[in-house]
Amino acid sequence: MSTPLVDIEDLSIRFPGVRHGAPLVRGLSLQIRPGECVALVGESGSGKSLTARSLLGLAGDGAEVAAKRLLIDGRDALAFNKNDWRQVRGRFAGLVMQDALVSLDPLRNIGQETGEVLRAHRLLDNGKAVDQRVLEALAQVGIPDPEWRASQYAHQLSGGLRQRALIAAAIAAGPRLIIADEPTTALDVTVQRQVIAVLAERVAQGAGLLIISHDLNLVAQIADRVYVMHHGEVVDAGSVHQVLTQPRHPYTRQLLAASPSADSRGTRLSTARVSPAADALAPLRIEREPLPARPLHSAAEPVLQVVGISKSYRRRGFGRGKAPFQALGSTSFTLNRGEVLGIVGESGSGKTTCANIVLGLLEPDAGSVQLLGQPWSHIPEAQRRPWRRQMQYIPQDPLSSFDPRYSVLQIIAENLDAGGEPRDRAGVLLGQVGLDASYLDRHPRSLSGGQRQRVAIARALAAQPALIICDEPVSALDVYVQAQVLDLISELLASHGIALLFISHDLEVIRHISDRVLVFHQGQVVEHGAVEALFAAPQHPYTRQLLATPA
Amino acid sequence: MTLPSRTLPGAATYDPQSAKARPTRLPLGVTLSSLFLLLVSIALAIPFWLTHYDPLVGDVTLGLQAPSAAHWFGTDRLGRDVFARVVYGARYSLLIGLAGMLISLIAGTLLGLVAGMKNRWLDEVASRLFDVLSAFPSVLLALLVIALIGPGMMNVAVAIGIAGIPKFGRLVRSQTQLVREADYVRHAVLYGRSSARVFITHLLPNVLVAIPVIATIDIGSSIIAVSGLSFLGLGPQPPTPEWGVMLAEGRDVLRVAWWPSVFPGIAITLTVISFTVLGSYWQRRFEGRNPA
């Protein structure tokens, strides 16, 4: 066996003054060998990014890093000085960060960014050789036409290409270790797969890869070994197969059980438990509680009728004079009382345009929308206003949708109709979303992401709507919080008989919660049907590609 | 500038409990500035508590006496007590400065709101007005206005007020554009609120929160402008004990007596510094609570 690239035993990191000096990472042991992919998985704040950064000497100002053994490339990193670390960064280990748009300098083109590490370390002595190596690196990560792309700037590239450019910059100096911190989080499903494939290719070429993610299913596609982190400790470790099928720690079990999947439909996610395996080799079994049954409604009670809506925009700048850009092609659907319609698609597929038209924020070029049999599109806002209470909205980022001066009580009370004591009624609503009345005087800023989303749900319920529209309501939440919020939404649907239009890029979430699905692709609905039938037998090639399980 | 919190390990693990437990201690400069401004406010409201001398009448035979136990800041050429004049002068310098600031605040806020709303044409008109006004140094512009409307106490306030309009106008304009595009304003229509109600309950309060800080800092520069114009003889006329007027009067005898001009100078300097220190402190506290 070759020497490990990274060999850590009993690592702990603390910041004096933060959490009363308690370590944020403790007792962590980890090895990465050449040609091996190791994954750190955990929710936000579990210490996974901090661990990765400590491998580059970038744990942060004032960080106290201690370990029984911290070997990087066989050398004792605890004794490293500034210069030693500089040799590690970029040259021995390349870091791929999450957000490519803020990680790339907007004033330097892709070629300059990628070549930065070569120039900083003076690895190649002349400019031509640097350019040559940059083009090689860009080609290696599968960027087509690298000469042209090298002259472009970050904002001119799509998200997938930007992320690849970032990987190219990380591998330009041929590092033996690649550290990827949430490299695919902001990307669409199909692009995620391409990025993972690029990273897998590097591993096949003999590099070591440390991948950090909150998504266990994603790392399962690439990692050889997985370390599950929770509150700064590794709670579960082993091969991907081991961790996925025989999780040892309750936290890992909960994480697996709380992920929406093919068989979680109609059941609670947050209370799902991995059943104790009678036999270690038996496949993982998850015990689930059913959700309360939703009241049946006759199909003849449409809440929302959308008939042939479309929207296109004139092109500006370079594309001026070309045919207008069609953001949304002719789209029709009906949503009945108590039904959940999922809309799935990648960014730019037209799902947000569709939502904005339904919300009455945007007028369609053609077609019409009806809410509860009333005309909803092509009328002045004043005519919509009395019906607004019937259609409520739950945003992706609830915090920005709250007035920053408002307390939880004010946020909810603003959406209550006249009559009754607002404080009591808001308290009842908070109870329905699983928060007690003591939260009424809290400020949303002091709440966690899940709690904020609960407040947003309580605000929507305050209007007693017939229809709620959610735009990616759980995509910013950790798995277990997501499970709780999805359970909450499901329960409220059952008890209130509200129809739901649920927009998401996450196929598993859509499959878990929806009755019917619309698949958007490039502004068109390419497929429409009952969720189980559609997932079992997708008809359109794009849907098949979306659902294809990675090899 | 905000970074995603995951890139800042310290920020990601920020513990509000420990932050709450920490006693809030004011920086020394802020404490001193507050105390000094308290003193100035007393001088402004009840000057006769601080001195029993008359600021306007003196004994000419006791002219130009050096600071002593009887006359803390000495006497001027006409034998008036300089300390009494500095104390009574607070009323003029501060109130004219405050009035000037309020004129710029009100006019600037209204124009800024108009410019920040969606009408592009009105935005052009208001923004070009700000450009024209800030094309001149503010004291020069104030001089121009006084040349048009004549000298005098109120006219100085108006002149300084007009010169200060772009400062508030631009701030309010950008703040309005920021808040206007914030989700809680854009989405308010989804909850059935009328534009007028959104404007009053959500937009206006979140635009205006930024103003007190800038106004506090601006009082300082407004006071300097008042003193400057008074020094040139364009504001309140002698024997008014305004600080700028006192500087002008003291200038003639500077070779033989430093006290008639140095003490009003110190009063101006300390007042301006105090307002600036307080304003900057609030600004730092205010950061991170951006309404957008």
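The structure presented is a predicted model; accordingly, all values stated were derived computationally and were not measured.

Draft legend 1. Region of the structure containing the overall build of chain A. From N to C terminus, chain A includes 20 helices and 23 strands. For 551 residues, the compact-globule formula gives about 24 Å, and the C-alpha radius of gyration of chain A, at 26 Å, lands near that figure. For chain A, the spread of C-alpha atoms along the principal axes amounts to about 70 × 60 × 50 Å. A total of 551 residues make up chain A; the buried ones form 45% of that total. Relative to all contacts within chain A whose residues are 6 or more apart in sequence, the contacts with residues 24 or more apart total 67%.

Draft legend 2. Inspection of the overall build of chain B at higher detail. If you tally the helices and strands in chain B, you get 13 helices and 0 strands. Seen in sequence order, chain B has helices and strands lined up from the N terminus as α-α-α-α-α-α-α-α-α-α-α-α-α. Taking all 292 residues of chain B together, 42% fall into the buried category. Sequence separation of at least 24 residues holds for 66% of the intrachain contacts in chain B that already meet a minimum separation of 6.

Draft legend 3. Structural context of unusual backbone geometry. Cis geometry marks the peptide bond from proline 238 of chain B to proline 239 of chain B, where omega comes out at 10 degrees. With respect to the helices and strands, the residue proline 239 of chain B is situated in the loop between α11 (211-231) and α12 (243-251). Residue aspartate 10 of chain A is not a glycine yet carries a positive backbone phi of 55 degrees. Mapped onto the elements, aspartate 10 of chain A comes out in strand β1 (residues 6-14).

Draft legend 4. Structural context of the pairing of strand β20 (residues 467-471) of chain A. Residue and element names in this part refer to chain A. In terms of burial, β20 is largely enclosed, as 5 of its 5 residues are buried. Judged by which residues are buried, β20 turns out to be covered on both faces: Leu467, Ile469 and Asp471 on one side and Ile468 and Cys470 on the other are all buried. Of the pairings in the sheet, the one linking β20 to strand β21 (residues 499-504) comprises 5 bridges and is parallel in character. Considered in β21, the bridge of cysteine 470 is made with phenylalanine 502. Once you follow β20 into helix α17 (residues 479-496) and on to β21, the crossover reads as right-handed.

Draft legend 5. Quick peek at the nonpolar core. Counting 219 residues, the largest nonpolar core has Ala39, Ala168, Ile179, Leu210, Tyr227, Leu467 and Leu501 of chain A as the members making the most contacts within it. Considering every element that reaches this core, the biggest residue donor is helix α4 (residues 82-116) of chain B, with 16 residues. For this core, the domains that each give at least three residues are domain 1 (246-290) and domain 2 (302-314 + 324-402 + 465-547) of chain A. Setting aside its immediate chain neighbours within four residues, leucine 467 of chain A contacts Val303, Leu304, Leu335, Gln390, Met391, Ile498, Ala499 and Leu501 of chain A.

Draft legend 6. Local environment of the pairing of strand β8 (residues 177-181) of chain A. Residues and elements named next belong to chain A. The buried fraction of β8 amounts to 5 of the 5 residues, a majority that puts the element mostly inside the structure. In terms of strand pairing, β8 meets strand β9 (residues 208-213) through 5 bridges, oriented parallel. Residue alanine 180 lies in a different strand from β9, and its bridge partner there is isoleucine 211.

Draft legend 7. Spotlight on the sheet that holds strand β14 (residues 302-313) of chain A. All names here are of chain A. Across the sheet, 4 strands lie side by side as β15-β14-β17-β18; this open sheet has antiparallel pairing. Each edge of the open sheet carries a strand with a single partner, namely β15 (325-336) and β18 (374-375). Bridge analysis of β14 against strand β17 (residues 366-371) gives 5 bridges, and the strand direction is antiparallel. Looking across to β17, one finds that leucine 304 is bridged to leucine 371. Along the sheet, helix α12 (residues 351-358) makes contact with β14, β15 and β17, crossing β14 at roughly 120 degrees.

Draft legend 8. Local environment of the sheet that holds strand β7 (residues 93-96) of chain A. Residues and elements named next belong to chain A. The 6 strands are arranged β7-β8-β9-β3-β10-β11 in an open sheet whose pairing can be described as mixed. Of all strands in the sheet, those with a lone pairing partner are β7 and β11 (233-239), marking the two edges. Between one strand axis and the next, the sheet turns by 15 degrees as a mean value, whatever way the strands run. Each of β3 (37-41), β8 and β9 touches helix α8 (residues 189-204); the most contacted strand, β9, lies at about 150 degrees to it.

Draft legend 9. Local environment of the interface of chain B and chain A. Listed as interface residues are 22 residues of chain B and, on the opposing side, 28 residues of chain A. Of all the secondary-structure elements, those providing two or more residues to the side of chain B that touches chain A are α1 (9-12), α2 (16-21), α9 (183-186) and α10 (195-208) of chain B.

Draft legend 10. A look at the domain arrangement of chain A. Residues and elements named next belong to chain A. Parsing chain A into structural domains produces domain 1 (246-290) and domain 2 (302-314 + 324-402 + 465-547). For domain 1 and domain 2, the distance between their C-alpha centroids amounts to 29 Å. Residue-level contacts link 12 residues of domain 1 with 10 residues of domain 2. Considered class by class, the residues forming the side of domain 1 that touches domain 2 number 5 nonpolar, 5 polar and 2 charged.

Draft legend 11. Structural view of the environment of leucine 435 of chain A. Residues and elements named next belong to chain A. By secondary structure assignment, the location of leucine 435 is in the loop between α15 (422-432) and α16 (449-462). According to the C-beta neighbour criterion, leucine 435 is buried, with 21 such atoms within 10 Å. Leucine 435 has contacts with Leu430, Gln451 and Arg454, leaving out every residue within four places of it along the chain.

Draft legend 12. Here's a closer look at the packing of α16 of chain A against α17 of chain A. All names here are of chain A. Viewed as axis vectors pointing N to C, α16 and α17 meet at an angle of 15 degrees, and their least axial separation amounts to 10 Å. Judged by the angle between their axes, α16 and α17 are roughly parallel. In terms of crossing hand, the pair formed by α16 and α17 is right-handed. In this structure, α16 uses Gly449, Gly450, Gln453, Arg454, Ile457 and Leu461 to contact α17, whose residues at the interface are Val481, Gln484, Val485, Leu488 and Leu492.

Draft legend 13. Spotlight on the packing of helix α3 (residues 28-45) of chain B against α4 of chain B. Residue and element names in this part refer to chain B. Two elements in contact, α3 and α4, have axes whose closest approach is 7 Å; the angle formed by their N-to-C orientations is 95 degrees. What the angle tells us is that α3 and α4 run roughly perpendicular. Mapping the contact onto sequence places Val40, Ala43 and Leu44 in α3 and Val87, Ala90, Arg91 and Leu94 in α4. Class assignment for the residues of the contact of α3 with α4 results in 6 nonpolar, no polar and 1 charged.

Draft legend 14. Structural context of helix α5 (residues 120-135) of chain B. Residue and element names in this part refer to chain B. When the terminal C-alpha atoms of α5 are compared, their 22 Å separation across 16 residues agrees well with the 22 Å that a helix rising 1.5 Å per residue should span. Three or more residues of α5 are buried, namely Ala126, Phe130 and Leu133. Summarising the axial view, the buried residues of α5 lie within an arc of 65 degrees, below the 170-degree limit, and thus occupy one face. Exposed side chains of α5 directed beyond 90 degrees from the buried face belong to Arg120, Trp121, Glu124, Arg128, Asp131, Val132 and Ala135.

Draft legend 15. Quick peek at helix α7 (residues 159-171) of chain A. Residue and element names in this part refer to chain A. Its 13 residues place the ends of α7 19 Å apart at the C-alpha level, agreeing with the 18 Å of an ideal helix rising 1.5 Å per residue. With 12 of 13 residues buried, α7 lies mostly within the body of the structure. If you check which residues of α7 are buried, you get Gly160, Leu161, Arg162, Gln163, Arg164, Ala165, Leu166, Ile167, Ala168, Ala169, Ala170 and Ile171.

Draft legend 16. Highlighting the environment of proline 247 of chain A. Residue and element names in this part refer to chain A. Considering the arrangement of structural elements, one finds proline 247 in the loop between α10 (240-245) and α11 (250-258). Owing to 23 C-beta atoms within 10 Å, proline 247 belongs among the buried residues under this scheme. Separated by 27 residues in sequence, proline 247 and valine 274 have C-alpha atoms that sit 8.9 Å apart.

Draft legend 17. Molecular detail of the environment of arginine 285 of chain B. Residue and element names in this part refer to chain B. Topologically, arginine 285 is positioned in helix α13 (residues 259-286). The class for arginine 285 is exposed, based on 11 C-beta atoms found within 10 Å. Along the sequence, arginine 285 and proline 236 sit 49 residues apart, while their C-alpha atoms lie 37 Å from each other.

Scoring rules and cut-offs
- Residues numbered from 1 in each chain as written.
- Chains lettered and ligands numbered in written order.
- Predicted model: local features only at pLDDT ≥ 70, side-chain atom pairs only at ≥ 80, totals over all residues.
- Helix = DSSP H or I, 4+ residues; strand = E, 2+ residues; numbered from the N terminus.
- Rg over C-alpha atoms; globule rule 2.2 N^0.38 Å.
- Buried ≥ 20, exposed ≤ 12 C-beta atoms within 10 Å, placed from the backbone.
- Contact = placed C-beta atoms within 7 Å.
- Pairing = 2+ DSSP bridges.
- Right-handed = clockwise from strand over helix to strand, strands pointing away.
- Core = buried A, V, L, I, M, F, W, Y, C linked by C-beta atoms within 7 Å.
- Domains from an automatic or database assignment.
- Axes fitted to C-alpha atoms, helices over the stretch in contact; angles between N-to-C directions.
- Nonpolar A, V, L, I, M, F, W, Y, C, P; charged D, E, K, R; others polar.
- Parallel < 35°, antiparallel > 145°, perpendicular 65-115°, else oblique.
- Left-handed = near helix turned anticlockwise from the far one by under 90°.
- Expected span 1.5 Å × (residues − 1).
- Arc of directions from axis to C-beta.

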